[in-house]
Amino acid sequence: MTAATGATGGTGRRAAATAAPLFDRLSATTWVDVAVLTALSLVAVAGFEPAFGHYAFAAAAVGGIVVGGGVALLGRLFRLSWPLTVVLALAAYFLLGTPLALPGQALYGVLPTLDSLSGLVLGAVFGWSDAVTLQAPLEAPPYVAVVPYVAGWLVSLVSVTLAVRWLPWLRRRSAGRAAVLLAGPAALLLAAILLGTRDPFFAGVRGVLFAGVALVWLSWRRGRFARDRVETDAGVRRRRLLGGAAVVLGAVVVGALAGSLLAPPAASRFVVRDEITPPFDPLDYPSPLAGFRKYTKDLQKTKLFAVTGLKQGQVVRLATMDSYDGIVWSVAAPGTDTDASGAFELLGSTIPRPPLFTAGGTSTASIDVLGYSDVWLPTLGYTSTLTFDSFHGQDPRSTVRVNTATGTAAVTSGVRDGLSYTVGATAQKVPNDRSLAKVPPAKLTLPPVTNVPDVVSAKAEEYAGSADTAIQKLRNIERSLKSLGYLSHGRASDPVPSRAGQGADRMTDLLSKSPMVGDQEQYASAFALMARRLGYPTRVVMGFAPKVTGSTTTVTGDDVTAWDEVAFEGVGWVPFFPTPTKTDAPKNQTTKPKLEPQPQVRQPPPADPRADDLLTPVKTKDNDPKDKTAAFQLPAWAWVVLGVVGIPLIAYFVPLLLIGALKRRRRKRRETTGPPDRRAAGAWDELTDGYAELGLAPPDRATRLQTASALAQQSAAQNLPAPGDTLHDLARHVDAAVFDGSVVTEERIAHAWSTADETLAEATKAAGPLRARLAAFRYRRARR
């Protein structure tokens, strides 16, 4: 019976081979191998769900498995060499990857475009690093969707190729060699775990199912290898296979239930995204609050952006700062703490809520950027959705970074004219003071504030008074600053002058002198320092408070403002507005000198005009006997020489001498006039102006340390000496002279100037004679 069956089967196979010679090359065992590997790959890619969410990755992942495995099968069926199979696999990757992974960039939803093809390359190379540095769900940049596609494509291509080309031709077959094919799906399972989040996707069920299918397949494969060596009864083989399958199925059910009940806590789960710091570093950019006076003076009437859908009383949020070093409030460095302002991540259009937040009203607004230019993106409240409608240049979806804890967004490629976007925001619900009286401040770890003057502590205790609760102390400080202070932006039209800045010296000047005069930059800084001195988690927020006029509101630089936020446990960040509105501050009264009346003295009569003035001039004939034609005259060739040589010399030396005189005047004014701290700061200004005249570009709004870093990087890029240590040391030396309040001696001033001169002379010498001559014709006006 068996022999007859075998003969019949052999005849059928030969007939089928004659009819269809291509598709008969794969045995049933090989098809089972391919099916098992595909099933294991599908179980593995399901682990991408927590990272991508909403099964948005399913089409790309399953499509990649089908494309890779299909190409491997076609290459074997049509007897293609492996190099030709690889070429075919790459062609299928790009041709089918567009509709499967990047349908939004496809032409008519199917055909590849330049954007989709570049996205397939970027996703395969850089998508892995972005997937572990961005917050889930992964929605942007678009090429991040290529990660599950390329993973499934590669694993399926390699695994199926081994199953159809390598395994059937082994001379010594064993279950151990067959287990090599499980390496690809197992790596895919591990990649889905590492790229995921702390919240797994049916981890116990998937893990036990993966192991169960793999064990059943290996057991079946072992039986097939044994049958090739020794003939075994079909009924015995069937019973063994069914028995093994039953045992494995029971293990799968029990393991899945036990895994679901006894699963370890999510906090113990290792994922790569928790170990990697996001790439965006806010310290690479100047502090937003440092440019406050630029808005109130230079951009006072400039139309920055237009907001459609802004509600009355709603403020525009620009940046949140919680780090203070005695000079400026700034956004914290990345990786300091999850509660801090420096933890920025690339998110999609859906943005998670802050960890400490009580939701209030929701709103949606469209913002069109006009004259505004910076990296900080104006938003409303705490952003929940963010979509970019139009832009110029680089796609902001791939460069936007969001801090969900502070509601701050930044676009590293720049926010400039032509950018339009739509913001969906949720406001913080603020309870009344009676409700907050029972709520303690939140226990958060914020970056420390340093170099705080002593007057801040004294005024904090004085203004807080004898209040018992945190909200009462904070309200007392807020009311004291508003009632005792006066508002002035330091403009020529303001009644009293006001110095810019938020450093320790400016805080001392604000809180020590009477009356207090400043604007939001100073009062928000003072309130935050006093609140932090009392132990309350406080941060400074900069934004805009425009008056709503109709459906579209145009925001100008005059609308800039700053306020403070204090975190309360279980409530969120409560805003405080300590800036006064009074502008009529009393001026310093000075005693005018008393005028002494002078005795009347008889004035002499006016003198008569001289007799010569009454004479009428008479023209007389020139009787000079000299011959006019005998005077010396330059020959024509001399005039030509003077024109060819003299005019270029005049054009060269006259501007050179004029600019040199201006530079000497600028240097003398900085070196010899003003208080000692300003003379020391003049050395730094002279150094940066010299570098600018050499062709470098010092940042306009940055601290001296940030400027030193920028100049060192530019010098290295332009083959100039990059004295990073010298520049940083000089910057610290000048900052200490300006801000630490100590006596600035002549030796410290001379040291600053000599260091600046030596550094600039070295850079000028290395620049070469041509560049040095060009620098001599450049003049950077002294900044105020």
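Details of the structure are given in the entry above.
The text that follows walks through the structure, step by step, so that each part is easy to find.

Definitions and limits used
Residues numbered from 1 in each chain as written. Predicted model: local features only at pLDDT ≥ 70, side-chain atom pairs only at ≥ 80, totals over all residues. Heavy atoms only, no water. Helix = DSSP H or I, 4+ residues; strand = E, 2+ residues; numbered from the N terminus. Buried < 20%, exposed > 50% of the residue type's maximum accessible area, 1.4 Å probe, protein only. Contact = heavy atoms within 4.5 Å. Areas by Shrake-Rupley, 256 points an atom, 1.4 Å probe, with all protein chains shown as cover. Phe/Tyr/Trp six-rings, centres within 6.5 Å; stacked < 30°, edge-to-face > 60°. Lys NZ or Arg CZ within 6 Å of the ring centre and 35° of its normal. Axes fitted to C-alpha atoms, helices over the stretch in contact; angles between N-to-C directions. Parallel < 35°, antiparallel > 145°, perpendicular 65-115°, else oblique. Left-handed = near helix turned anticlockwise from the far one by under 90°. Pairing = 2+ DSSP bridges. Patch = residues over 30% accessible without salt bridge, like charges linked within 9 Å, V, L, I, M, F, W, Y side chains within 5 Å. Salt bridge = Lys/Arg side-chain N within 4 Å of Asp/Glu carboxyl O. Polar contact = N/O pair within 3.5 Å; in protein donor to acceptor, adjacent residues only side chain to side chain. Expected span 1.5 Å × (residues − 1).

## So, the overall build of the chain
In step 1: Check the secondary structure of the chain and you find 23 helices and 17 strands.
In step 2: Relative to its full complement of 784 residues, the chain shows a buried share of 44%.
In step 3: Within the chain, contacts between residues at least 6 apart in sequence are counted, and of these 77% link residues at least 24 apart.
In step 4: Summed over all atoms, the accessible surface of the chain reaches about 41,200 Å², with 61% contributed by carbon and sulfur.

## Overview of the packing of aromatic side chains
In step 1: Under the criterion given, the structure shown has 12 aromatic pairs.
In step 2: Between Phe-357 and Tyr-382, the ring centres sit 5.0 Å apart and the planes meet at 65 degrees, which makes this aromatic pair edge-to-face. Separated by 25 residues along the polypeptide, Phe-357 in the loop between β4 (329–330) and β5 (359–369) and Tyr-382 in strand β8 (residues 382–390) bring together distant segments of the chain. The residues Phe-357 and Tyr-382 share a single accessibility class, namely buried.
In step 3: When the ring centre of Tyr-382 is taken as origin, the NZ or CZ atom of Arg-317, which lies over that ring, is 5.1 Å away.
In step 4: Note that Arg-539 overlies the ring of Trp-573, its terminal NZ or CZ placed 3.7 Å from the centroid.

## Topic: the packing of helix α4 (residues 58–77) against helix α5 (residues 82–101)
The geometry of a pair of packed helices is captured by two quantities: the angle between their axes and the separation between those axes.
In step 1: Two elements in contact, α4 and α5, have axes whose closest approach is 10 Å; the angle formed by their N-to-C orientations is 155 degrees. As the angle between them shows, α4 and α5 are arranged roughly antiparallel. Judged by the sense of rotation from one axis to the other, the crossing of α4 with α5 is right-handed. Contacts between α4 and α5 involve Ala-59, Ala-60, Gly-63, Val-67, Val-71 and Gly-75 on the former and, on the latter, Thr-85, Leu-88, Ala-89, Ala-92, Tyr-93, Leu-96, Leu-100 and Ala-101.

## Structural notes on the sheet that holds strand β6 (residues 374–377)
In step 1: Across the sheet, which stays open at both edges, the 3 strands sit in the order β6-β10-β9 with antiparallel pairing between neighbours. Since the sheet does not close on itself, it has two edges, and those belong to β6 and β9 (400–403), each with one partner. Taking each pair of neighbouring strands and ignoring which way they run, the sheet shows an average axis angle of 25 degrees.
In step 2: Two strands pair when backbone bridges link them, and β9 and strand β10 (residues 408–415) are joined in this way by 4 bridges, in the antiparallel orientation. Of the residues in β10, the one forming a bridge with Val-400 is Val-411.

## Regarding unusual backbone geometry
In step 1: Across the junction of Ser-514 and Pro-515, the peptide omega takes the value 0 degrees, indicating a cis bond.
In step 2: Relative to the helices and strands, Pro-515 resides in the loop between α16 (504–512) and β13 (516–518).
In step 3: Phi at Asn-451 is positive, roughly 55 degrees, even though this residue is not glycine.
In step 4: Note that Asn-451 resides in the loop between α13 (433–436) and α14 (454–464).
In step 5: Residue classification places Asn-451 among the exposed positions, given a relative accessible area of 55%.

## As for a nonpolar patch on the surface
In step 1: On the surface, Leu-107, Tyr-108, Val-110 and Leu-111 cluster together to form a nonpolar patch covering roughly 450 Å² of accessible area.
In step 2: Along the chain, the position of Leu-107 falls in the loop between α5 and α6 (114–133).
In step 3: With relative accessibility at 42%, the residue Leu-107 sits in the partly exposed group.

## Considerations on the pattern of salt bridges
In step 1: Scanning all chains against the criterion turns up 23 salt bridges.
In step 2: Its salt-bridge partner being Asp-558, residue Arg-491 comes within 3.3 Å of it at the nearest N-O pair. Residue Arg-491 is located in the loop between β12 (485–487) and α16, and its partner Asp-558 is located in the loop between β15 (552–556) and β16 (560–568); the two are separated by 67 residues in the primary sequence.
In step 3: Taking relative accessible area as the criterion, Asp-558 reaches 36% and is therefore assigned partly exposed.

## Some words on the pairing of strand β2 (residues 316–321)
In step 1: Of all the 6 residues making up β2, 6 are buried; the element is thus mostly covered by neighbouring parts of the structure.
In step 2: As paired elements, β2 and strand β7 (residues 379–380) share 2 bridges and run antiparallel to each other. Bridged to Val-316 within β7 is Leu-380.
In step 3: Pairing of β2 with strand β14 (residues 538–544) involves 5 bridges; the strand directions are antiparallel. What sits directly across from Ala-319, in β14, is Met-542.

## Some points on the sheet that holds β7
In step 1: Overall, antiparallel pairing links the 5 strands, which are arranged β7-β2-β14-β16-β17 in an open sheet. This sheet does not close on itself; its edge strands, each paired only once, are β7 and β17 (572–576).
In step 2: Lying over the sheet, helix α15 (residues 470–484) contacts β16 and β17, oriented at roughly 30 degrees with respect to β17.
In step 3: Sheet strands touched by helix α17 (residues 520–533): β14, β16 and β17. Its angle to β16, the strand with the most contacts, is close to 15 degrees.

## A closer look at the side chain of Arg-401
In step 1: Structurally, the position occupied by Arg-401 is in strand β9.
In step 2: Here the side chain of Arg-401 touches Ser-398 through a polar contact of 3.4 Å, landing on its backbone oxygen.

## Regarding the pairing of β16
In step 1: Most of β16 is tucked away, with 9 of its 9 residues classed as buried.
In step 2: Going residue by residue along β16, you find Val-560, Ala-562, Asp-564, Val-566 and Phe-568 tucked away on one face and Thr-561, Trp-563, Glu-565 and Ala-567 tucked away on the opposite face as well.
In step 3: Note that β14 and β16 share 7 bridges and pair antiparallel. If you follow Thr-538 over to β16, its bridge partner there is Val-566.
In step 4: In this structure, the hairpin formed by β16 and β17 is closed by a connection of 3 residues, where Gly-570 is found at a positive phi of approximately 75 degrees.

## Notes on helix α2 (residues 28–45)
In step 1: Here α2 is 18 residues long and its end C-alpha atoms lie 26 Å apart, about the 26 Å a rise of 1.5 Å per residue gives.
In step 2: Among all positions of α2, only Thr-29, Thr-30, Asp-33, Val-34, Val-36, Leu-37, Leu-40, Ser-41, Val-43, Ala-44 and Val-45 are buried.

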